[in-house]
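# Per-entry structural report
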Amino acid sequence: MPGQRNGSPPIHIEDLTVAYREEPVLWDVDLDVPEGTLMAIVGPNGAGKSTLIKTILGLIQPAAGQVRIYDRSYTEQRSLVAYVPQRGSVDWDFPTNALDVVMMGRYGHLGWLKRPGPTERKLALDALTKVGMQEYAGRQISQLSGGQQQRVFLARALVQDAQIYLMDEPFQGVDATTEKAIITVLRELRAAGRTVVVVHHDLETVPEYFDHVLLLNVRAIATGPVAEIFTPANLRRTYGGHMDMLLARDGELTPGGGSNGRHS
Amino acid sequence: MDAILEFVQLIFTDYTLRTVTLGAMILGLVSGLLGSFAVLRKQSLLGDAMSHAALPGVVIAFILTGSKAPLVLMLGALAAGWLGALLVQLVTEQTRIKQDSALGIVLAVFFGFGLVLLTWVQRQGSANQSGLDTFLFGRAAALVMSDVWAMAGVGGAGLLLVLLFWKEFKLLSFDPDFAATLGFPVGLLNVALTTLIVVAVVIGLQTVGVVLMSAMIVAPAAAARQWTDRLDRMVLLAALFGALAGISGALISSLSRGLPTGPTVVLCVSTLVGFSLLFAPNRGLVGAWLRQRHNRRQLRRAAVLETLYQLAISHGDAAEVASAHAHQLGALLAAMPGVDVRRTLDVLESEGLARPSTGDRWALTPAGADQARQSLARFTRHSPDELPIRPIALTSAGEVIK
Amino acid sequence: MTPQAEIQLIASIVAVACALPGVFLILRRVALMSDAISHSILLGIAVGFLFTGSTSHPLLVALATASGILTVSLVEGLINTRRVKEDAAIGLVFPVLFSIGVILISRYAGDVHLDVDAVLLGELAFAPFNRMAFFGLNLPQGVWVMGGILLLNLLLIGLFYKELKLATFDAGLAAALGFSPVLLHYGLMTVVSVTAVGAFDHVGSILVVALMIAPPASAYLLTNSLPRMLGLSALYGVAAAIGGYWLARTLDANIAGAMATMTGVFFLLTLLFAPEQGLIARALQRQRRRQRFAVEMLLVHLSRHENEPEAGTENSLAHLVEELKWQPDFAQSTVRSAQEEVFVERQNGLLLLTEEGRQVASRVLQR
């Protein structure tokens, strides 16, 4: 079922409240992500950044409110959305190689029972080339560096050929080469009119890398163009005050993942 | 030679031997294949718990139907194993109790309850119940062809499922969250994979029994994992290893009295694990150890060369004539505590890089001095000419500070 | 004492002896090591039997304990190679040792009294026949042996209580303070091995596993305090032992199996009815918190929209249903309870926050 684009914003979030074991992780969040933007989600630990991404992807059910993708539900539009999870969310000792992982990005398009073939192979190789990993296509994934693993995940999202890209901390613990490769790809995506939303930790690089920003701390503190929103005053509102308390509750705030859940 | 031929002939003619060998082979094949997913999903011990949990199912199926038909008992085992898996999931998700405890409780309690039922049935005096207890420890010799057919049928269904949903199972095992975002019903697939583990267990109970079944789930997959980094090859190899262990175990146990089939099969498959852990080409421990030793030697060699060179320089020799100056072995030993300097020097001498001088003194040969320069330059990223000449200093660990 | 009472006494002693180390096993998330150890001691017993030709020689106990410890070190060794994961390592090791044990027994001791069934299943019913007199007291051997092991466990856990507690809850700190977590791990595993060895010919290894895991897990659902957990586990164990005995008598079934069943029954009851951690209590709790949370959600929503120009539409009940994606009756019951607490008022079909409601909303957001 192919997704549909129309005049509506790629991601529209309305009154979204998410709770983990009845403890609120996100409170009444409203958000519109304009088409063709590169948006960073920024906020302290436990602010619910990953939760927001996972809720958009339907991995977590909200307690109230809704998420619309081009004014339809995620289920109807999932072919328009690609996801780059946190690198630590999988076991990299799994017996498979880089190319194979990238081809997994096509599984959704293939549907049930069909196997990936030469077309998928070619798409996957192209995506690996885009992230500068073509030489590592046959490499077992545990023998890649952290940055290379991250680029494999990025390539997997690229072969999904989506309109909307959601990325959970792609810059976490990567080398300079990878950081550059990722940001190049992000800019190419924006140039192609795609919408990219990235959970981001490094405040310093926000103005350089992104054009829009969502400051999140359980509530949406502020959202809009970086130039207007990314101000010291707004950052203080996001990080200041209740930060200690939020840090202390961090362990409690992990939604969905159970004992192996990771959070940001 | 004749004896071997006779034995081979026996496999084809002797009903019991043929049945047992076939049964053990199918068991190994299916459990190796399905167990691969359990091992990769870190659910190795689920097989152990499920095999114990199956016992009450077997007895209840018998009580309800009065039949000992293999398919009936297998269905009972399947239902009980499944219930056990469900309970483990419920307890770990809803309470603070961790998975290991949940598995242990299901394992021991279900099995205990199975024993209660079994002894109760036995004391009801029903003549028909004899043979149920083969499920406890497995008695491969009691297998008949209809059992083997049932095993093949159930196992074949499992194989078919894996073949059909290969892509989905692979994705689910590697990255379940991603699978969910693509729209695959992760919950359902989880249930399917767990059911497949229970299927493998059920197939093996009669042959190897409750206790040893876990080895049949874990061992072939663990052995196969060492040889390849591809899932498809790993699963095929695991099936092959399992089948091989099944056949060889059955044959070896037929050679002599007092070699029960189940334990013999388990020892065969465990031997494969040991061999794979030690000698598999990339992940093998022996290879890794040899590589590590080689690296250490190379490092030691470079360190001794460099120290000799630096000592020479610190004594004011110009870099070009570093080779002319010989040093007391004692100075070297003091500069590099914990390093087997003497043996390394012998190696260097045999390579023509260092030469002994009078009174236990050693010096670099010109070739050795060249190598030392190069090796130092690689570290400092200077060209040899720019190499700064200054006295060496040593940290407490004996490392040279440059 | 009657044989009946003696059987229950032995089982109760075993239950307490198992529950004590069991508490640390489940807290340290290595519960299944009890399964592995209690199976692989068969190897030590078999080897000991081959050497001594007796099933009660002290050498058997030593060798069986040694094979328990061998299991632990093999598992640790396998994990350290980083070629297999922890769960797989356990699943690989004990079947090997158990298999060797079974083969040794069936090859060389096939027609003696050592049989594999008894090791696994135990024969408590025979326990009273094997007697020993000490201090003029003529009691079944099992009472003396398990009593001794119980005392040993009490002594060791008493002596190293602080260290065990620290290593269990904060292995890093324990190591920093100079208590070797490895040493404590092996120490605990030795206690588990000795207990399993002592228990095997009375209750069988399956019951050992049940008694080491299920009672501590039940206690874990009732308390957060380690001393109370130890005491409750012991009580659970004894209750299962005695309850199991009578269940077995009623059904004329295997005693060890019945006791294991009872540990499960008690666990299930606790799982359902424990006051805080139980499934029922949690469901009720969740229900209450869900309502509370819904009211808070409503207040936050209203407060965020009350100053907007379209507040008029945002704050109608129908609109709430639309916006928050609540079921109509859920929305209505939430509004009703918010009204009862005077957090909101209804005016002309619109919901307006009271001053108190506004305060609650801002407090909620500050949390």
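Quick caveat, the model's predicted, so the values are computed rather than measured. (Residues numbered from 1 in each chain as written. Chains lettered and ligands numbered in written order. Predicted model: local features only at pLDDT ≥ 70, side-chain atom pairs only at ≥ 80, totals over all residues. Heavy atoms only, no water.)

### Some remarks on the interface of chain B and chain C
Contact with chain B, which involves 55 residues of that partner, is made by 59 residues of chain C. Contact with chain C buries area across many residues of chain B, yet Leu45, Arg96 and Phe137 of chain B alone supply 14% of it, more than any other trio. Summed over the shared surface of chain B and chain C, the number is one salt bridge. For Asp252 of chain C, the salt bridge is made with Arg123 of chain B, and the minimal N-O distance between the two is 3.3 Å. One can count 14 residue pairs in polar contact (both at pLDDT 80 or more) joining chain B with chain C. (Contact = heavy atoms within 4.5 Å. Buried area = accessible area lost by both parts, 1.4 Å probe. Salt bridge = Lys/Arg side-chain N within 4 Å of Asp/Glu carboxyl O. Polar contact = N/O pair within 3.5 Å; in protein donor to acceptor, adjacent residues only side chain to side chain.)

### So, helix 4 (residues 70–94) of chain B
The terminal C-alpha atoms of helix 4 of chain B, which comprises 25 residues, lie 36 Å apart, in line with the 36 Å expected from a rise of 1.5 Å per residue. The complete set of buried residues in helix 4 of chain B reads Pro70, Leu73, Met74, Gly76, Ala77, Ala80, Gly81, Gly84, Ala85, Val88 and Val91 of chain B. (Helix = DSSP H or I, 4+ residues; strand = E, 2+ residues; numbered from the N terminus. Expected span 1.5 Å × (residues − 1). Buried < 20%, exposed > 50% of the residue type's maximum accessible area, 1.4 Å probe, protein only.)

### Considering the pairing of strand 2 (residues 23–33) of chain A
For a regular strand, the rule is simple: side chains alternate between the two faces of the sheet. Residues and elements named next belong to chain A. Of all 11 residues in strand 2, eight are buried, a share of seventy percent or more. In terms of strand pairing, strand 1 (residues 11–20) meets strand 2 through seven bridges, oriented antiparallel. Each bridged residue has a counterpart across the sheet, and for Tyr20 the counterpart in strand 2 is Glu23. (Pairing = 2+ DSSP bridges.)

### As for the side chain of Asn153 of chain C
Residue and element names in this part refer to chain C. With respect to the helices and strands, the residue Asn153 is situated in helix 6 (residues 141–159). Taking the relative accessible area as the measure of exposure, Asn153 reaches 1% and is therefore buried. There is a polar contact of 3.0 Å between the side chain of Asn153 and the backbone oxygen of Ala17.

### Comments concerning the environment of Val266 of chain B
With respect to the helices and strands, the residue Val266 of chain B is situated in helix 12 (residues 261–279). On the accessibility criterion, Val266 of chain B (0% relative accessible area) is buried. When the C-alpha positions of Val266 of chain B and Pro220 of chain B are compared, they lie 10.0 Å apart, and in sequence the two are 46 residues distant. If sequence neighbours within four positions are ignored, Val266 of chain B has contacts with Leu212, Ala215 and Met216 of chain B together with Pro95, Val96 and Ser99 of chain C.

### Thoughts on the packing of aromatic side chains
Throughout the structure, instances matching the rule amount to 15 aromatic pairs over all chains. Residues Tyr209 of chain A and Phe210 of chain A carry aromatic rings whose centres are separated by 6.3 Å and whose planes lie at 65° to one another, so their mutual orientation is edge-to-face. Tyr209 of chain A gets classed as buried once you look at its relative accessible area, which sits at 9%. For the ring pair Phe37 of chain B and Trp166 of chain B, a centre distance of 6.1 Å and an interplane angle of 75° mean the geometry is edge-to-face. With a gap of 129 residues between them, Phe37 of chain B in helix 2 (residues 15–40) and Trp166 of chain B in helix 8 (residues 166–174) connect regions that are remote in the sequence. Take Trp166 of chain B: its relative accessible area is 15%, and that puts it in the buried class. For Arg96 of chain B, the ring lying beneath its charged end belongs to Tyr220 of chain C, and the centroid distance is 4.2 Å. Positioned above the aromatic ring of Tyr107 of chain A is the side chain of Lys167 of chain B, whose terminal nitrogen or guanidinium carbon lies 5.7 Å from the ring centre. (Phe/Tyr/Trp six-rings, centres within 6.5 Å; stacked < 30°, edge-to-face > 60°. Lys NZ or Arg CZ within 6 Å of the ring centre and 35° of its normal.)

### Let's talk about the interface of chain B and chain A
Taken together, the 29 residues of chain B in the interface contact 34 residues of chain A. Across the chain B to chain A interface the summed buried area is about 2,800 Å²; carbon plus sulfur atoms make up 63%. At the junction of chain B and chain A, the tally comes to five salt bridges. With a shortest N-O distance of 2.9 Å, Asp175 of chain B and Arg156 of chain A are connected by a salt bridge. For the pair chain B and chain A, the number of links is 11 residue pairs in polar contact (both at pLDDT 80 or more). Every element with two or more residues in the side of chain B that touches chain A is listed here: helix 7 (145–164), helix 8, helix 9 (176–181), helix 10 (186–227) and helix 11 (231–255) of chain B. When residues of the side of chain B that touches chain A are assigned to their parent elements, the largest contribution, seven residues, is made by helix 8 of chain B.

### Some details on the confidence of the model for chain C
Looking at chain C as a whole, its pLDDT mean stands at 85, while 93% of the residues score no less than 70. With pTM at 0.84, the complex prediction returns an ipTM value of 0.88. (pLDDT = per-residue confidence, 0-100.)

### Structural notes on the pattern of salt bridges
Tallying each qualifying case throughout the model produces 21 salt bridges over all chains. The shortest N-O distance in the salt bridge between Glu76 of chain A and Arg72 of chain A comes to 3.6 Å. Here Lys170 of chain B and Asp100 of chain A are joined by a salt bridge, their closest N and O atoms 2.4 Å apart. Here Lys170 of chain B is found in helix 8, whereas its partner Asp100 of chain A is found in helix 3 (residues 98–103) on a different chain. On the basis of relative accessibility, which here comes to 7%, the residue Lys170 of chain B falls in the buried class. Residue classification places Asp100 of chain A among the buried positions, given a relative accessible area of 14%. Linked through salt bridges whose partners overlap, the residues forming this network are Asp91 and Asp93 of chain A, Lys42, Arg225, Asp229 and Arg283 of chain B together with Lys85 of chain C.

### Some words on the sheet that holds strand 7 (residues 195–199) of chain A
All names here are of chain A. Spatial ordering of the open sheet is given by 5-6-7-3-8-9, a layout of six strands whose pairing is mixed. Looking at the sheet topology across the chains shown, the edges are occupied by strand 5 (81–84) and strand 9 (219–225). Mean inter-strand twist for the sheet, computed between neighbouring axes without regard to direction, equals 15°. Along the sheet, helix 10 (residues 232–239) contacts strand 3 (38–42), strand 8 (212–217) and strand 9; its crossing angle with strand 8, the most-contacted strand, is approximately 35°. (Axes fitted to C-alpha atoms, helices over the stretch in contact; angles between N-to-C directions.)

### Quick look at the domain arrangement of chain C
Parsing chain C into structural domains produces domain 1 (3–277) and domain 2 (281–366). The C-alpha centroid of domain 2 of chain C is placed 55 Å from the C-alpha centroid of domain 1 of chain C. (Domains from an automatic or database assignment.)

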